[in-house]
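Commentary on secondary and tertiary structure
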Amino acid sequence: MKIEDKKRVLREMVLHRRFEERCYQAYIERKIGGFLHLYPGQEACCNGVMEAARPGHDYVITGYRDHVHAIKCGADPKEVMAELYGKETGSSKGRGGSMHIFDAGKRFMGGYALVGGPFPLAAGIAKAIQLKGGDEIAICFLGDAANNQGTFHETMNMAALWKLPVLFVCENNLYGIGTSIERSTAVVHQHKRVAAYNIPADECDGQDIEVVYEHARKAVDHVRAGNGPFFLELMTYRYRGHSMSDSRGYRTREEEELWKQRDPIFILRDRLIKEGATTMAEFEALEKETDAYIENEVIKFAEASPEPSVDELEKYVLADRESQLPWLTGKAA
Amino acid sequence: MANIMYWEAIQRAHDEEMARDPLVICLGEDIGVAGGTYKATKGLYEKYGPLRVMDTPISEGGFTGLAVGASFLGVRPIVEIMSVNFAWLAMDQMFNSAAKVRYMSGGQLTAPCVFRSAGGAAHQLGAQHSARMEKVFMGIAGLRVVTPSNPKQAYGLLKSAIRCDDPVFINEHELMYNMKGEVPDGEYFHPLEGSEVARAGTDVTLFGYNISVHWCLKAAEILDKQYGISAEVVDLYSLAPLDRAGIKASVTKTHRAVVVEEDEAPVGVGSEVIAIINEECFFELDAAPVRVHSALVPQPYNHTLEKAAIPDHEDVVKAVLKMFGRA
Ligand SMILES: Cc1ncc(C[n+]2csc(CCOP(=O)(O)OP(=O)(O)O)c2C)c(N)n1
């Protein structure tokens, strides 16, 4: 990665971290409802892969831990926060919530709450790309536990069979809610599971963004060149509980501390300091600046935004009636 | 007007729409090289090739989800689910993805998918190949459900469904693929909403859909000739949304209603139509509305039991005579 890219990504990762931590606080204040799944600890995964891909051009789909993926694709953090607040200005007009962030204009095709649900949708997006003949690829980010769903196997089979341009990124954070991977999955190393479908795969450290980037570049190139699907496994860890209701009683503080020694943001920061590209003081200033931006712009926007109107409760259920009239009445234009 | 079979009508709709729009594709088990279990996609593979006519693995949840994902980018997939019994495996993607994506994305994504499937009891196929599942689909917000009772509807409903931006479930019937009927020679789009008066009458309304329309028509003839009762038959080709105005208009005219469904009674078309009658025109009624429906049993294999489980025109006649105090 070029030095200016690394500096930019550090800024982005700090934004992602502070955004998520601010969500935590807003949830405690009961400003955010529903389930809330936070991303701290895993930032190098999304960032590393998307640095190798083309955010806003390639299509991205993921599960419920989706805020950072949306922002990385180009969604406005203000709109993502407004969505968490359930506001009309939210990225899904307050109808989606934390688990359903969408920004179709940025080709962020959404967060989905059913574990394993996005696998076939990603293959379908790839099918559409194949049919239309573009150079985009579909990227599906999901956790390790999702791989035990039938959709995983059904999708791997179809993606390989039809050589679909889709990159599967498994963010292996070792847990599915409170069940460790050793207790749920016969094969811990997920990239081995796709060998049965003739899908090339790779595994790497998911804490060091440069490592992720190097591996992701090969993966993305493979898919974009028309060679069919690729499966990339990133070994990572989430610091917080699965969701806000999770007190993490299923794992030890020692294990958590061990992973925090390998914090993705600090790894990059320390490297940049060592290379003379930044200083600790600069980094601390960046954190402050980021917090100020989140407070003064992101939170303010969410707080000040209007609620959706109850009169529009049934908007967005079906397609706009006017445009569909020929098919609803049978009188084609 | 061409006199063609139900499957030919469906095939023709596929063919015309695929010729018009390169983003119309179809997928399902055995639909390509083999031409489709019910021949609904016959000849399309040869014409449009494997990229657009896709023989899928036996993987209902997977290929249904794939179709939904493709539709997000403007592809118009027509998914054939060989038998509606297998749709259970695909429902997660139909309900949680296709039907909800428009809402939960605040209108940003739509899933203009068509899901076609064969339902109903055919000839001794046993419990796992005889389901009627329209009642499961018709209660899902964001999904349209239509069910053709003749070739003209089969052709026109599929044409409209492919063009419509909403996901549409088309409930066909295993016993109807070889049924013949008139289909307009020119392009024809059947409305996705509404109902049709299949036979006008004055004394009682028989509400049917799909195959039960034919039981109703036969019953109406018997009632007329043998008992002097004039039955109106209303074809509810759209189950979601149901045609409240059409239901109200007919009951307001005849003051009596019988709903005929091949499905079991609980939370079914009958309960829904009768609830609508209660809400729209209760005081027009001269008798309590009734349902004619199948027995609440897994469909038996034995021929005699199979027949006993499913209603037919005689059951409709009996229900009407009882309503008129003549049984
Ligand atoms: C079909 C389905 N089953 C169960 C759940 C409940 N659930 C939500 S997240 C989760 C664990 C998933 O873990 P993983 O795929 O590894 O992703 P991670 O949360 O670690 O990012 C479960 C069981 C669900 N949302 N959907």
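Residues numbered from 1 in each chain as written. Chains lettered and ligands numbered in written order. Predicted model: local features only at pLDDT ≥ 70, side-chain atom pairs only at ≥ 80, totals over all residues. Heavy atoms only, no water.

Topic: the pairing of strand E3 (residues 138-143) of chain A
Residue and element names in this part refer to chain A. Summarising burial for E3: 5 of the 6 residues are buried, a large majority. Here 4 bridges tie strand E1 (residues 59-62) to E3, and the two strands are oriented parallel to one another. Bridged to Val-60 within E3 is Ile-139. Bridge count for E3 against strand E4 (residues 166-172) is 6 bridges, and the pairing is parallel. (Buried < 20%, exposed > 50% of the residue type's maximum accessible area, 1.4 Å probe, protein only. Helix = DSSP H or I, 4+ residues; strand = E, 2+ residues; numbered from the N terminus. Pairing = 2+ DSSP bridges.)

Some details on the sheet that holds strand E3 (residues 53-55) of chain B
Residues and elements named next belong to chain B. Here 7 strands make up an open sheet; going across it, the order is E3-E2-E4-E5-E7-E6-E12 and the pairing mixed. The sheet is open, and its two edges are formed by E3 and strand E12 (238-240), each paired on a single side. Neighbour-to-neighbour, the strand axes of this sheet turn through a mean angle of 20°, independent of strand direction. In terms of strand pairing, strand E5 (residues 114-119) meets strand E7 (residues 168-173) through 6 bridges, oriented parallel. If you follow Arg-116 over to E7, its bridge partner there is Ile-170. (Axes fitted to C-alpha atoms, helices over the stretch in contact; angles between N-to-C directions.)

Details of the environment of Phe-282 of chain B
Within the secondary structure, Phe-282 of chain B sits in the loop between helix H10 (269-281) and strand E14 (290-294). Between the C-alpha atom of Phe-282 of chain B and that of Tyr-155 of chain B, which follows or precedes it by 127 residues, the distance is 36 Å.

Considering the site of the ligand
Residue and element names in this part refer to chain A. Lining the immediate surroundings of the ligand are 15 residues, of which Tyr-64, Arg-65, Ala-113, Ala-145 and Asn-173 lie closest. Here Val-115 contributes a backbone N or O atom positioned 3.0 Å from a nitrogen atom of the ligand. Within the contact set of the ligand, an oxygen atom lies 2.9 Å away from a backbone nitrogen or oxygen of Ala-145. One can see that the ligand is located within the largest pocket. Its residues assigned to classes, the shell around the ligand shows 8 nonpolar, 5 polar and 2 charged. (Near = heavy atom within 4 Å. Polar contact = N/O pair within 3.5 Å; in protein donor to acceptor, adjacent residues only side chain to side chain. 1 Å grid on protein atoms, 1.4 Å probe; cavity = no way out; pocket = protein on both sides within 12 Å on 5 of 7 lines; lining within 4 Å. Sits in = over half its atoms within 2 Å of the grid points. Nonpolar A, V, L, I, M, F, W, Y, C, P; charged D, E, K, R; others polar.)

Examining the side chain of Asp-66 of chain A
Residues and elements named next belong to chain A. Its location among the elements puts Asp-66 in the loop between E1 and helix H3 (67-73). Arg-65 provides the closest opposite charge to the buried, salt-bridge-free Asp-66, at an N-O distance of 8.9 Å. Those residues within four positions of Asp-66 in sequence are excluded, and the remaining contacts are Ser-98, Met-99, His-100, Ile-101, Phe-108 and Gly-111. (Lys, Arg positive; Asp, Glu negative; His and termini not counted. Salt bridge = Lys/Arg side-chain N within 4 Å of Asp/Glu carboxyl O. Contact = heavy atoms within 4.5 Å.)

Section: the pattern of salt bridges
What the rule picks out here adds up to 51 salt bridges over all chains. Glu-256 of chain A serves as the salt-bridge partner of Arg-251 of chain A, at 2.8 Å between the closest nitrogen and oxygen. Judged by relative accessible area, Glu-256 of chain A falls into the buried class, the value being 4%. When the shortest N-O distance is used, the salt bridge between Arg-244 of chain B and Glu-280 of chain B registers 2.7 Å.

Considerations on the nonpolar core
All names here are of chain B. Core analysis: the largest hydrophobic core is formed by 83 residues, its most contacted members being Phe-72, Phe-137, Phe-207 and Leu-236. When residues are assigned to domains, this core turns out to be shared by domain 1 (2-183) and domain 2 (196-324), each giving three or more. In this view, Phe-137 contacts Val-84, Ala-87, Met-91, Met-94, Phe-95, Leu-143, Val-145 and Phe-169; residues no more than four positions away in its chain are not counted. Counting 61 residues, the second largest nonpolar core, distinct from the first, contains Leu-157, Val-258, Val-292 and Val-317. (Core = buried A, V, L, I, M, F, W, Y, C linked by side-chain atoms within 4.5 Å. Domains from an automatic or database assignment.)

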